[in-house]
Amino acid sequence: MKKAVLCSILFMFIMGSLIPGVGAAANSVYPSDNGPRQSSYAAPLAKPELKWAVPFTGEIKQVVIDSAGILYVLSEGVRVVKLTSLRASGEILWSKEIKGVEANALNLSNDKFLIVSSSLDGRELTDSSRLNDRTAIVSKYTIAGELLWENTYEYVMRLGNITVGDDGYVALALSYFTQASGSKRYTEHVKLIGMNASGETKFNNTMVSDTETVPVYFSAPLIVKDNVYLSISKGFMRPYSSRAMIAEFTDAQFLKISKQGVLLSSTKYKGIIPYAPVYYNNNFYVSGEPYGGDNNLYIINTAGKITKTISVEAGHIGNQIPASISTDGHIVFAQHVYSPAGKLLWSFQPTVKGKVYRFYPYSVPGLTLDSSQNIVFSGYDSLYGGAYISSINMKTKKINWSLPINTDARSPIIIGKDGTIYVWGNKLYAYGKKAS
């Protein structure tokens, strides 16, 4: 079996989806997987009501919201990618098709621009030998939907997330395969690409390449000030069945790269992280799940030293979701709350109509901390056949409310200025206090 197929088996088995579709500049107006995952706004303390639901053809990949409360939606239908803008009332302002047949990620930059990644697959390409690869597209639009620039990258096998810095700098992680002439051996190369706010490529570096027996994986990038951070994991191949092999990941490196592409430092740890590391108050929070071991959350300082390791029992639901950090440094990770020093304080599970629900295994990051220090999160549990959003007071441990919802809710949580909570599946849902 080809290695590309083998890796696909592994990633679907481990995480369900490798493309979380979450990435934004560190601004609490909208969700971010490279900030502390805090919101500047407070979710309702009383159980919210459904205000409206707007259907989309296909699947919503990502939603961001600007400081004026305007929502921007990236969606994917049958080989069609759309970018849509809505008022906070749910009224559609504009909608347009953009290049690509698969949607990847949407980012809001400086409250003025939209950075979008999408891709064309082999069926859209004229060369029949390229049916197994894709062309990645990174584009920049105004919030009115005007295209400003567009960059393309060919021969992509896995398109990771993109991250945008406060200055509009864009970082993109992806991988591509090469095959030696006359050989069945495949090699995967992980690339990190940096471009400025004008779309000019500042570097395009191959960070690591695998071998036939050493697979590699990469996180979404993280931008902090003048540097880009990236985690890369290596592992080994083991038998998955009598006819196939599967990759398991063990060793990893947390890399610091300048915006000119110069490798500045590397920190070794164990495991694999599918999302960008989290940064807050001069610390990085990097999760890793090594093969056969507990899931770890590594706290790394700006000098690249691991100052604390928090271990969570292997297989615990939620340990693939990035950590959220409160304004006073408390850590929420894998349905546990820790002190700033890493001491376990308490654990939580939402209860909806007498049933205990959990995070959806390996879902995209569906948890944030609101300005009142409530843990607000979404999830889905196939054991009970339902989805929910829930709010828990991090200080008192009191469940404010848990609410069943009519979507699988494998999405981040967005909280608007007025406390409205937005989640999505094939519809965009707004929950809050209805206007009287």
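Residues numbered from 1 in each chain as written. Predicted model: local features only at pLDDT ≥ 70, side-chain atom pairs only at ≥ 80, totals over all residues. Heavy atoms only, no water.

1. Re the overall build of the chain
Moving on, step 1. Along the chain, the regular secondary structure elements total one helix and 35 strands.
Moving on, step 2. Evaluated residue by residue, the chain yields a buried proportion of 59% over its 436 residues.
Moving on, step 3. Partitioning the contacts of the chain with sequence separation of at least 6, the portion at a separation of at least 24 is 49%. (Helix = DSSP H or I, 4+ residues; strand = E, 2+ residues; numbered from the N terminus. Buried < 20%, exposed > 50% of the residue type's maximum accessible area, 1.4 Å probe, protein only. Contact = heavy atoms within 4.5 Å.)

2. Brief notes about the packing of aromatic side chains
Moving on, step 1. Across all of its chains, the model carries 12 aromatic pairs by this definition.
Moving on, step 2. Look at Tyr229 and Phe254: their rings are 5.6 Å apart centre to centre, the planes differ by 15°, and that puts the pair in the stacked class. Here Tyr229, found in strand E16 (residues 227-239), pairs with Phe254, found in strand E17 (residues 245-258); they are 25 residues apart in sequence, far enough to count as distant. Residue Tyr229 shares its accessibility class with Phe254, and that shared class is buried.
Moving on, step 3. A ring pair is formed by Phe348 and Phe377, whose centres lie 5.5 Å apart and whose planes are at 50°; its orientation type is tilted. Highlighted residues: Phe348 in the loop between strand E26 (344-347) and strand E27 (351-352) and Phe377 in strand E30 (residues 374-381), separated in sequence by 29 residues.
Moving on, step 4. Accessibility expressed as a relative area gives 5% for Phe348, which makes it buried. (Phe/Tyr/Trp six-rings, centres within 6.5 Å; stacked < 30°, edge-to-face > 60°.)

3. Thoughts on the sheet that holds strand E21 (residues 295-301)
Moving on, step 1. Strand order in this open sheet of four strands is E19-E20-E21-E22, and the pairing throughout is antiparallel. Of all the strands in the sheet, just strand E19 (278-280) and strand E22 (306-312) have a single pairing partner and so form its edges. Recorded for the sheet is a direction-independent mean angle of 20° between the axes of neighbouring strands.
Moving on, step 2. In the sheet, E21 pairs with E22 via six bridges, with the strands oriented antiparallel. Bridged to Asn295 within E22 is Val312. (Pairing = 2+ DSSP bridges. Axes fitted to C-alpha atoms, helices over the stretch in contact; angles between N-to-C directions.)

4. Considerations on the sheet that holds strand E25 (residues 336-338)
Moving on, step 1. Taken in spatial order, the four strands of this open sheet run E23-E24-E25-E26, and their pairing is antiparallel. Pairing within the sheet leaves two strands with one partner each, and these edge strands are strand E23 (324-325) and E26.
Moving on, step 2. Bridge analysis of E23 against strand E24 (residues 331-333) gives two bridges, and the strand direction is antiparallel. Paired with Ser324 across the bridge in E24 is Val332.

5. Let's talk about unusual backbone geometry
Moving on, step 1. Positioned with a positive phi, Asp111 is a non-glycine residue whose angle comes to about 65°.
Moving on, step 2. Of note, Asn282 is a non-glycine position whose phi angle comes to about 70°, a positive value.
Moving on, step 3. Relative to the assigned elements, Asn282 resides in the loop between E19 and strand E20 (283-288).

6. Side note on the environment of Asn426
Moving on, step 1. Within the secondary structure, Asn426 sits in the loop between strand E34 (421-424) and strand E35 (427-432).
Moving on, step 2. What makes Asn426 partly exposed here is its relative accessible area of 43%.
Moving on, step 3. Note: C-alpha distance between Asn426 and Ser75 (351 residues apart in sequence) is 8.7 Å.

7. Details of empty space enclosed by the protein
Moving on, step 1. Following the criterion strictly, the structure yields four cavities of 30 Å³ or more and no others.
Moving on, step 2. Its volume calculated, the second largest cavity comes out at about 60 Å³.
Moving on, step 3. Around the second largest cavity, the lining residues are Tyr229, Phe254, Leu255, Lys256, Ser265, Thr267, Phe284, Asn301, Thr302 and Gly304.
Moving on, step 4. Of all elements in the fold, only E17 and strand E18 (263-270) reach the threshold of two or more residues within the lining of the second largest cavity.
Moving on, step 5. Looking at the lining of the second largest cavity element by element, the count peaks at three residues for E17. (1 Å grid on protein atoms, 1.4 Å probe; cavity = no way out; pocket = protein on both sides within 12 Å on 5 of 7 lines; lining within 4 Å. Points joined across faces, edges and corners; volume = space filled by probe spheres on them.)

8. Topic: the confidence of the model for the chain
Moving on, step 1. Averaged over every residue, the pLDDT of the chain is 82; residues scoring 70 or more account for 81%.
Moving on, step 2. The element-level mean pLDDT for the chain is lowest in helix H1 (residues 3-15), coming to 37, with strand E4 (residues 81-86) highest at 97.
Moving on, step 3. Considering only residues more than four positions removed or in separate chains, one finds that residues 1-34, a stretch of pLDDT under 50, has 102 contacts. (pLDDT = per-residue confidence, 0-100.)

9. With respect to the pairing of E21
Moving on, step 1. With six of its seven residues buried, E21 lies for the most part within the structure.
Moving on, step 2. Here E20 pairs with E21 via six bridges, running antiparallel. Bridged to Tyr285 within E21 is Ile299.
Moving on, step 3. Between E20 and the antiparallel strand that follows it, E21, lie six residues; Gly292 among them carries a positive phi value of about 75°.

10. Brief notes about the pattern of salt bridges
Moving on, step 1. Within the structure shown, the criterion is met by 11 salt bridges.
Moving on, step 2. Notably, a salt bridge pairs Glu200 with Lys202, separated by 3.9 Å at the nearest N-O pair.
Moving on, step 3. According to the relative accessible area criterion, Lys202 is partly exposed, its value standing at 39%.
Moving on, step 4. The closest approach of N and O atoms between Glu248 and Arg238, which form a salt bridge, is 2.7 Å. Of this pair, Glu248 sits in strand E17 while Arg238 sits in strand E16, placing them 10 residues apart in sequence.
Moving on, step 5. We classify Glu248 as buried; its relative accessible area is 11%.
Moving on, step 6. When its relative accessible area of 25% is taken as the criterion, Arg238 is described as partly exposed. (Salt bridge = Lys/Arg side-chain N within 4 Å of Asp/Glu carboxyl O.)

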